[in-house]
Amino acid sequence: MNLLLAFFFAALSSAAFAVLFRAPSKAVAPIGVIAGVGYLIFELLKQDASANILAFFSSALALACLSEVAARIFKYPATLFLVPGLLPIVPGVQLYQTMLLFVEGSVMEAISQGASTLLSAGAIAMAVALSALVMFPLVRIGQRKGAKQG
Amino acid sequence: MPSSQQLLSLIQHATRIMLESGGETYRVEDVANRFSAALPGAHVECVVMPTGVFCTLNLPDQPPQTLIFRVKSRGINLEAIAEVNQVSRSFVKGSITACEALCALEAIGAKPPMPLWASTLAVGLASACITPLIGGGAADFILCLLIAFTMHLCMQPIRTAIPLGFLHNMIGGAMAALMTLAGVHLLHMGSVMTIIVGAIMPLLPGLASINALRDALRGDLVSGVARGLEVALIASCIATGVGSMLALWRALGGGFSI
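Residues numbered from 1 in each chain as written. Chains lettered and ligands numbered in written order. Predicted model: local features only at pLDDT ≥ 70, side-chain atom pairs only at ≥ 80, totals over all residues. Heavy atoms only, no water.

### Describing the overall build of chain A
The helix and strand inventory of chain A stands at 6 helices and 0 strands. When the helices and strands of chain A are listed from N to C terminus, the series reads α-α-α-α-α-α. With the principal axes as the frame, chain A shows a C-alpha extent of 65 × 30 × 25 Å. Relative to its 150 residues, chain A shows a buried fraction of 51%. Partitioning the contacts of chain A with sequence separation of at least 6, the portion at a separation of at least 24 is 64%. Here chain A carries 9 positive and 5 negative side-chain charges, and the mean point of each set is 31 Å from the other. (Helix = DSSP H or I, 4+ residues; strand = E, 2+ residues; numbered from the N terminus. Buried < 20%, exposed > 50% of the residue type's maximum accessible area, 1.4 Å probe, protein only. Contact = heavy atoms within 4.5 Å. Lys, Arg positive; Asp, Glu negative; His and termini not counted. Charge placed at Lys NZ, Arg CZ, Asp CG, Glu CD.)

This is how it looks when you write it as structure tokens:
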């Protein structure tokens, strides 16, 4: 799909979720941009079918790091940027297919599809958890530099 | 300097708003601890769970005072979390007094919910914009928009009229599936999968699943497990709702393409 369109729809969807989750109006546009960038990374990486988990992981990690940066610029908690931003990459299609396979009675395939869905969701969750690990040293270095200059 | 009564009531207001708005456990405990820094010598022990708060205020030469309250509703209000955070920071810095902080917290808690038209519009756009991302066309977009509008408008009165807890998600999923099947069948356009996935997107427990993992990894095991259960329950309720309608449709002889 056209990357520009993908960016646009991901950004619009996340911005709408941000409004729904009552994010401050000042933060809605940045949330859209962050979500768009995160989704572009996902879209580019998932072209290769074998790298699906990697696509979920890297795009979620990028989203989490961007949210941390935005949190420092706009002085809001990072979760505020992250939660709406993550929604376009939630593995909704896989979840649906798992359920459909269960309904059809093909239990073995459903379990295998379910495991792959869980792995994708787990990759997103792990990336979010690991972002603290990535960001923490960076923030410390930034603070030290700031302290020296200031 | 605030009295211990004032301090406890500040903590109660702040933690309640944060928990009801979907704040992480550590953030809620942080806020309680931050408030206690305003009284010299005060020490707060705070245990926060998704369903309630236990908090004891220890002051030198005074018996400890304990606050316990139950939290029943769990929604998402990102602005309230950010605002309570801000109030607690400026209170500790000393730029506002205890009374002003209490008034500010009460104002945050008393904010009216979003108008129905605004939330309906947001739900519709959020759902419909997912469909092009998973390969949908213009027909999917428009159908999903209409279905999300209808779903939200129908769910709102049901939510307030009948306290069903997690079962609302089952009704939501069933409604989404039924309307999609009917719409696609009658209009002969759009794809069932794309529209259903888009329409159930607002029901999915995004914030709860992130909070569950964050809490668990930080060592707030009780909150982590409780929120994990919440995620699992919501997801299975949605799947049951959608799945039952698909199965029913199939049993009644209606076919659909994936």
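### Regarding the environment of Ala15(A)
All names here are of chain A. Its place among the elements puts Ala15 in helix H1 (residues 3-20). With a relative accessible area of 16%, Ala15 lands in the buried category. Taking C-alpha positions, Ala15 is 9.1 Å from Ala27, a pair spaced 12 residues apart along the chain.

### As for helix H8 (residues 167-187) of chain B
Residue and element names in this part refer to chain B. A rise of 1.5 Å per residue sets the reference length of H8, with its 21 residues, at 30 Å; its end C-alpha atoms lie 30 Å apart and thus fit the reference within 8%. Among the residues making up H8, those that are buried are His168, Asn169, Gly172, Gly173, Ala174, Met175, Ala176, Ala177, Thr180, Leu181, Gly183 and Val184. For H8, the secondary structure elements touched by its buried residues are helix H7 (138-161), helix H9 (192-200) and helix H11 (221-251). Positive phi shows up at His188, right after H8, with a value of about 55 degrees. (Expected span 1.5 Å × (residues − 1).)

### Details of the interface of chain B and chain A
The partner chain A presents 39 residues to the 42 residues of chain B that form the contact. Carbon and sulfur atoms make up 78% of the area that chain B and chain A hide from each other, which totals about 3,700 Å². By the criterion of area lost to chain A, the three top residues of chain B are Leu78(B), Leu133(B) and Arg214(B), representing 18% of everything that side buries. At the boundary of chain B and chain A, one finds 1 salt bridge. With its nearest N and O atoms 3.2 Å apart, the salt bridge here joins Glu104(A) to Arg250(B). A per-element tally of the side of chain B that touches chain A places H11(B) first, with 6 residues. The residue inventory of the side of chain B that touches chain A, partitioned by class, reads 33 nonpolar, 4 polar and 5 charged. (Buried area = accessible area lost by both parts, 1.4 Å probe. Salt bridge = Lys/Arg side-chain N within 4 Å of Asp/Glu carboxyl O. Nonpolar A, V, L, I, M, F, W, Y, C, P; charged D, E, K, R; others polar.)

### Remarks on the environment of Leu204(B)
By the secondary structure assignment, Leu204(B) is in the loop between H9 and helix H10 (206-218). In sequence terms Leu204(B) and Thr120(B) are 84 residues apart; their C-alpha atoms lie 16 Å from each other.

### Things to note about the confidence of the model for chain B
In low-pLDDT regions, the fine details of the predicted coordinates are not to be read closely. Residue and element names in this part refer to chain B. Of all residues in chain B, 98% attain a pLDDT of 70 or more, and the chain-wide mean is 89. Across chain B, helix H5 (residues 116-128) holds the top mean pLDDT of 93, while H10 sits lowest at 85. For this predicted complex, the interface confidence score (ipTM) comes to 0.88, while the overall pTM stands at 0.89. (pLDDT = per-residue confidence, 0-100.)

### Here we look at a nonpolar patch on the surface
Residues and elements named next belong to chain A. Where nonpolar side chains cluster on the molecular surface, the patch consists of Leu130, Leu133, Val134, Leu138 and Ile141 and spans about 450 Å² of accessible area. Looking at the secondary structure, you find Ile141 in helix H6 (residues 107-149). Residue classification places Ile141 among the partly exposed residues on the basis of a relative accessible area of 46%. (Patch = residues over 30% accessible without salt bridge, like charges linked within 9 Å, V, L, I, M, F, W, Y side chains within 5 Å. Areas by Shrake-Rupley, 256 points an atom, 1.4 Å probe, with all protein chains shown as cover.)

### Concerning the side chain of Thr25(B)
All names here are of chain B. Along the polypeptide, Thr25 turns up in helix H2 (residues 25-36). With a relative accessible area of 1%, Thr25 lands in the buried category. A polar contact is formed between the side chain of Thr25 and the side chain of Ser223, at a distance of 3.1 Å. Excluding its chain neighbours within four sequence positions, the residues that come into contact with Thr25 are Val48, Asp215, Asp220, Ser223 and Arg227. (Polar contact = N/O pair within 3.5 Å; in protein donor to acceptor, adjacent residues only side chain to side chain.)

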